[in-house]
Amino acid sequence: MIAIRGLPRLSVIAKHLSKSAQAFPHTSRSSSVCLCRNMSSANFPEDDVLFEEKGGARIITLNRPTKLNALNLSMIKKIYPKMKEWEEDPRTTLIIMKGAGGKAFCAGGDIDSITEAAREGKFSPGEDFFRSEYELNYRIATCHVPYIAFIDGITMGGGVGLSVHGENRVCTERTVFSMPETAIGLFPDVGGSYFLPRLSMHLGLYLALTGYRLKGRDVYKAGVATRMVHSSVLPQLEDDLVALEAPSAQDITDLLRKYHEDCKTGRERDYLILRDREDDIQRLFCADSVEEIFENLEKDGSEWALEQLNIMKKMSPTSLKVTHKQLKLGDHMNLDECLEMEYRIGCNCLRNNDFPEGVRALLVDKDKNPTWKPATLPAVTDEILESYFNLPQGLKELEL
C-alpha cells in the first residue's frame, strides 16, 4: 500500500484549540471529467438536500440523483447552518453525509452557472459560490461531532470537499474518486492544496495534473477513504450507527472497522493498482516545474509515460502550472490557509479565459476542443502565474 503522510481533520481541529497537526489518507485512474452543469440555484426545489434527526444521529442527504447530486449554492446555504445548529445541540451524537440514488455521492459543483455569468462579466455568483463552499469545507474539517461520509459512487470535485476533510470516509465498490479540474481550466480546490500534497510518492500531484480516477478499494488503499464496505450493507450500517446510544468516537470507529473487516470485495489484490507505478511517478513527477515533468515523460519514452504526457497536453497549460504551484505551497500550509489561497485562485479563474472556455468545450457545447489562452506552457509566464495567487482588486479575503 502507498502510504500518506498525514491529513487534514485532526490538525485542523487542533488549530481551533491550539494549532497542531494530524491525519488523512491514500489514492487510482482515467482522465475524463465528471463535473456537472445547469445548476442555477434559483431553479432548485426545496428538497435538493434533506435533513433527518434519528435519536442523536443527524443525517444529511444530497438529493439531486438525476444530476449526480451535484453541489449548488442552494444546498451549501442549507447545509452550513444546519451543521452549525446540530453541532451546538448537545443531543447530537454523530452526523452522516450521503448521496441519493446510488450512482453518486456528489459528482462536482455548480460550475456551468458561474462560468456562464463570468462570460458575461458577472463574477459575484462564482465568488459567492467559492466562498460559501470553502467555508462549508472548513466547517466539516473542524466539526467536533463525529462526521461520517458515505462516499458511495462518483465522488469528484465538490464532493471530495464534502467528504475528505471529515474524520470518517466510507467508500464502496462503486466509488470513483477524481480531481479532474485541469481539464476544464480550473484547479483542484476544496482543500486540494492541503490533502493532495500529503499523499506519498508525488501521488497527489500526479492525480491533480492528470485527473486519474481511483476506483473501489483503491480509494481506501490510497487513503482517500478510511474504511470500505459493500454498497449493499450501507442501509444496515446507517441503522447500526443510528442505534448507538451516546457513542464515543471509539464506538463509531469500532463499528466501522467491523463492517470494513467483513467486506471482502477487492481483497484479492493486496496493493493499490498504482503501486507498480510508484517509482515512475516519483521519478517523473518529482520536478520543480510542469515543463520539467513534460521533459521527463518525453525522455522516458515508455508507453505509460507518453500516455500521461498526451493526457496532460490536453489540459489547460495555465491550470497545470497553477496546480503545480498550489500543491507545492500547500504542502507547508494549514487547511485554512490553503482554502484562503484557493479562494484567490478561484476568483482569478473566473476573470480569465480558461475556466469558462473549458466548461464550454467539455460540458456545454461538448466539442472537446477548448481554446486555451495562453496555449502553451512557456507562454504562461511567471507574471501570469503569480497573478492567480493575488486577490483581485476590490475583493475581500476569505478568512476562516
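Residues numbered from 1 in each chain as written. Predicted model: local features only at pLDDT ≥ 70, side-chain atom pairs only at ≥ 80, totals over all residues. Heavy atoms only, no water.

**Digging into the pattern of salt bridges**
The cut-off we apply is this: Salt bridge, as used here, is a side-chain nitrogen of Lys or Arg placed within 4 Å of a carboxyl oxygen of Asp or Glu. Here a strand is any run of E in DSSP of at least two residues, a helix any run of H or I of at least four, and the numbering for each starts at the N terminus.
Scanning the model with the defined rule gives 24 salt bridges in all. Notably, a salt bridge pairs Lys325 with Glu386, separated by 2.4 Å at the nearest N-O pair. Of this pair, Lys325 sits in helix α14 (residues 317-330) while Glu386 sits in helix α17 (residues 382-387); the two residues are 61 residues apart in sequence, bridging distant segments of the chain. Here the salt bridges do not stand alone but share partners, grouping Glu52, Lys54, Lys98 and Glu238 into one network.

**Section: the sheet that holds strand β9 (residues 214-215)**
Operational definition: Whether two strands pair depends on DSSP finding at least two bridges between them.
Pairing in this open sheet of 4 strands is mixed, and the strands run β4-β6-β8-β9 from one edge to the other. Sheet topology places β4 (104-106) and β9 at the edges, where each strand pairs with a single neighbour. Across 2 bridges, strand β8 (residues 176-178) lies against β9 in antiparallel orientation. Paired with Val176 across the bridge in β9 is Lys215.

**Some details on the environment of Val242**
Looking at where Val242 falls in the secondary structure, it is placed in helix α9 (residues 234-243). Sequence separation between Val242 and Leu94 is 148 residues; the distance between their C-alpha atoms is 8.4 Å.

**Observations regarding the pairing of strand β1 (residues 49-54)**
Pairing between β1 and strand β2 (residues 57-62): 6 bridges, direction antiparallel. Across the sheet, residue Lys54 finds its bridge partner in β2, namely Ala57. The hairpin formed by β1 and β2 contains 2 residues between the paired strands, and Gly55 there has a positive phi angle of roughly 60 degrees.

**Details of the nonpolar core**
As a reminder, the rule being used: In plain words, nonpolar cores are sets of buried Ala, Val, Leu, Ile, Met, Phe, Trp, Tyr and Cys residues tied together by side-chain atoms within 4.5 Å. Throughout this description, buried means an accessible area under 20% of the type-specific maximum (1.4 Å probe, protein chains only), exposed means over 50%, and partly exposed covers the range between.
In this structure, Leu214 and Phe355 are the most contacted members of the largest nonpolar core, which totals 96 residues. Here this core takes 9 residues from helix α15 (residues 335-351), the largest share from any one element. Core analysis: the second largest hydrophobic core is formed by 15 residues, Ala57, Ile148, Phe150 and Leu237 among them.

**Details of the sheet that holds β2**
Selection rule: Contacts were defined at the residue level, with two residues in contact if any of their heavy atoms lie within 4.5 Å. All axes are obtained by fitting lines to C-alpha atoms, using only the stretch in contact for helices, and the reported angles, taken between N-to-C directions, cover 0 to 180 degrees.
Strand order in the open sheet formed by 6 strands is β1-β2-β3-β5-β7-β10, and the pairing between neighbours is mixed. Pairing within the sheet leaves two strands with one partner each, and these edge strands are β1 and β10 (227-228). Sheet analysis places strand β3 (residues 94-99) next to strand β5 (residues 147-151), joined by 3 bridges and oriented parallel. Counterpart to Met97 in the pairing with β5 is Ala149. Helix-sheet contacts for helix α2 (residues 73-88) involve β1, β2, β3 and β5, and the interaxial angle to β1 is about 20 degrees. Taken strand by strand, α9 contacts β1, β2, β3, β5 and β7 (168-171), and its axis lies near 170 degrees from that of β5.

All quantities given are derived from atomic positions and should not be read as evidence of function.
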